[in-house]
Amino acid sequence: MNVDVESDGESSDSIDANNGLEIAARTGPNVAPFSINNPTEGPPDSTFDLTLPATHSYLGNNLEELRGRTILDDGIYMNLPLLVKQSIIFPGQTLPMTIFDKPTIDMLQKCIQSDRTFGVICLNYNEKVAIGTTAEIYQYMEGNEAEGFRVKAKGRQRFKILQVIQGYGKRSANVKILPEITLGHPFLDARLASLDNLRLTPKNLEEERKLDRIERMDAAVTPWPAWVYKQYDPRRLSLKIKQYLQFIETRGSNIPEDPVELSFWIPHNLLLDDSQRIMLLNYDCAISRLQRELAYLDKDRIFECRNCSSMICKQSDMFPMSKEGPQSAYCNLGGVIHETITVYKAYNLVQSREPASTEYSWFPGYAWTIALCTGCGMHIGWLFTAVQKGLRPEAVWGLTRKSLRSRTRRNKKRSESPGY
Ligand SMILES: [Zn+2]
């Protein structure tokens, strides 16, 4: 049985309402039919400790802690050792890694002995990407040959790549550390100072309406109406974004209050395409990033298989399994990093017949099996099922970002197109 996603019937999207039965009919010999939730049900309760995944405990509990923080001056030119990854990272993003190749281990060991900082870039995109992010190591373990060199690092500052230098297995780059430009409130100079004691930072709709009235008075003495200024107010933009993402906060994740942090949190927690992520990392100011992100969130989106366009889930199905947000980077046994988004409902997926494993599980208390697209058989992610009694949700899907793309539900317009 199929039902339309769209209530107005304009879309051709369809979801298997009786997911298990539909999948059983298309299942090959190597996959097992499975459905974890009735599509008509809402999000499940959670008893899972959302602080656990952010610790990346699957890398081991005996990693050495590094203290201190390196802040590089804006605008300085320097040479950075480089790590090339499959995608860019953002300031604030956690990067867990298991490294097996010696040149990279040597590079990271040298970093640990100096300022713990290296550069992360991506050379896999079609377009030339001249931007990257510094990462600072905060925990590491020199494991044996089988365990690999284990590192947890945090994205810190953006940099512009001036020249990549390659030699003898080492790669570095001459870079310029990019500034983060913070603009004052758009009304700062034109405001009516007599109203200052009435101004507040709005945290809900009622407070926002109060501030609206004051800012309409401010705007009356300027050439532009108040709504123009609101588009350049980072606090207002942040508040609107948080209203869109309220469902994520009610499911347990923390969403940053600070506009700069939020502007970097969005691209590593929502399913943006590589070109969108690069564009956002290129902006020097949170206002520009928040404006673009708001335009993205303004549309109702679904996630589909990147290979065959089968619908996999809706954006509103996101179910954070980490305090840091619904999408995080996790490292597998082979050292491959998967940016993984967790959802409580998914369609057109089947789990492989391999037995569920708790080894290296990113979510303590859950066992994983591989999940494949029923349309083309491509690996989309994993099904995590609870193995501890009383642990809820009983199951959750973890979907790897590189297997998915988002599109708006109404007109099938690809998110890569300008003005998303
Ligand atoms: Zn597919």
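Everything numeric in this text was worked out from a predicted model, so none of it was measured.

**Brief notes about the overall build of the chain**
Each helix and strand counted, the chain has nine helices and 19 strands in total. In the chain, buried positions account for 37% of the 420 residues. Across the chain, every contact between residues at least 6 apart in sequence was considered, and the portion connecting residues at least 24 apart equals 66%.

**Concerning the sheet that holds strand β12 (residues 311-314)**
Strands sit in the order β12-β11-β19 across an open sheet of three strands; the sheet is antiparallel. This sheet does not close on itself; its edge strands, each paired only once, are β12 and β19 (404-408). Taken pair by pair, the neighbouring strands of this sheet meet at an average axis angle of 30 degrees, ignoring direction. Sheet analysis places strand β11 (residues 301-305) next to β19, joined by five bridges and oriented antiparallel. Considered in β19, the bridge of Cys305 is made with Leu404.

**Considering the packing of helix α5 (residues 234-244) against helix α9 (residues 286-297)**
At a minimum axis distance of 10 Å, the contact between α5 and α9 shows a crossing angle of 30 degrees. By the angle between their axes, α5 is roughly parallel relative to α9. In this structure, the crossing between α5 and α9 has a hand that is left-handed. Where α5 abuts α9, its residues Pro234, Leu237, Ser238, Lys240, Ile241 and Tyr244 lie against Ala286, Ile287, Leu290, Gln291, Glu293, Leu294 and Leu297.

**Let's talk about α9**
Between the first and last C-alpha of α9 there are 16 Å, a value that for 12 residues agrees with the 16 Å anticipated at 1.5 Å per step. When α9 is considered as a whole, its buried residues turn out to be Ala286, Ile287, Arg289, Leu290, Arg292, Glu293 and Tyr296. Those residues of α9 that are buried are in contact with α5, α7 (259-265) and α8 (274-282).

**With respect to α5**
Taken residue by residue, α5 has Pro234, Arg236, Leu237, Ser238, Leu239 and Ile241 as its buried positions. In this structure, the buried residues of α5 make contact with α3 (205-219), α4 (226-230), α7 and α9.

**Side note on the nonpolar core**
Judged by nonpolar contacts, the single largest core of 77 residues is most densely connected at Ile312, Val343, Leu349, Ile380 and Trp397. Residue contributions to this core peak at five residues, all from strand β16 (residues 366-373). With residues near it in sequence (within four places) discarded, Ile380 still touches Cys305, Ile312, Leu349, Ala371, Leu372, Cys373, Leu399, Thr400 and Ser403.

**Concerning the confidence of the model for the chain**
Here the chain averages 85 in pLDDT, while 87% of its residues score no lower than 70. The low-confidence segment residues 1-35, where pLDDT is below 50, has 60 contacts with residues more than four positions distant or belonging to other chains. Counted against residues more than four places away or in other chains, residues 411-420, with its pLDDT under 50, gives 16 contacts.

**Digging into the environment of Glu147**
Mapped onto the elements, Glu147 comes out in the loop between β8 (131-142) and β9 (149-167). With 13 C-beta atoms packed within 10 Å, Glu147 lands in the partly exposed category. Considering only alpha carbons, one finds Glu147 and Ile99, 48 residues apart in sequence, at a separation of 8.8 Å.

**Remarks on the pairing of strand β13 (residues 327-331)**
For β13, a buried count of five out of five residues is recorded, marking the element as mostly surrounded by other parts of the structure. With burial as the criterion, each face of β13 is covered, one bearing Gln327, Ala329 and Cys331 and the other bearing Ser328 and Tyr330. Of the strand pairs in this sheet, β13 and strand β14 (residues 337-343) are connected by five bridges, and their pairing is antiparallel. Bridge assignment links Cys331 to a residue of β14, and that residue is Ile337. The antiparallel hairpin formed by β13 and β14 contains five residues in its connecting segment, where Gly335 sits at a positive phi of about 90 degrees.

**Remarks on the environment of Gly60**
When you line up the elements, Gly60 lands in the loop between β3 (31-32) and β4 (64-65). Between the C-alpha atom of Gly60 and that of Met141, which follows or precedes it by 81 residues, the distance is 8.6 Å. Look past the residues within four positions of Gly60 in its chain and what remains in contact with it is Met141 and Arg150.

The rules we used
- As a convention, each chain's residues are numbered from 1 in the sequence order in which they are written.
- Local features in a predicted model are, by the rule used here, given only for residues with pLDDT of at least 70; side-chain atom pairs are given and counted only at 80 or more, and totals for whole chains, interfaces and linings are based on all residues.
- By definition, any uninterrupted DSSP run of H or I lasting at least four residues is a helix, any uninterrupted run of E lasting at least two residues is a strand, and each is numbered from the N terminus.
- Exposed residues have 12 or fewer other C-beta atoms within 10 Å of their own C-beta, buried residues have 20 or more, and partly exposed residues fall in between, where C-beta atoms are placed from the backbone.
- Note that contacts rest on C-beta atoms placed from the backbone: two residues are in contact if these are within 7 Å.
- By this definition, two strands are paired if DSSP reports at least two bridges between them.
- Axes here refer to lines fitted to C-alpha atoms; in helices the fit is confined to the stretch in contact. Angles between the N-to-C directions go from 0 to 180 degrees.
- Here is the rule for angles: anything less than 35 degrees is roughly parallel, anything more than 145 is roughly antiparallel, 65 through 115 is roughly perpendicular, and the remaining ranges are oblique.
- Crossing handedness follows the turn of the near helix against the far one: under a right angle anticlockwise gives a left-handed crossing, and clockwise gives a right-handed one.
- The span expected for a helix works out to 1.5 Å for each residue beyond the first.
- What makes a nonpolar core is a set of buried Ala, Val, Leu, Ile, Met, Phe, Trp, Tyr and Cys residues, with links drawn between C-beta atoms within 7 Å.
- Confidence per residue, as judged by the predictor, is encoded in pLDDT with a range of 0 to 100.

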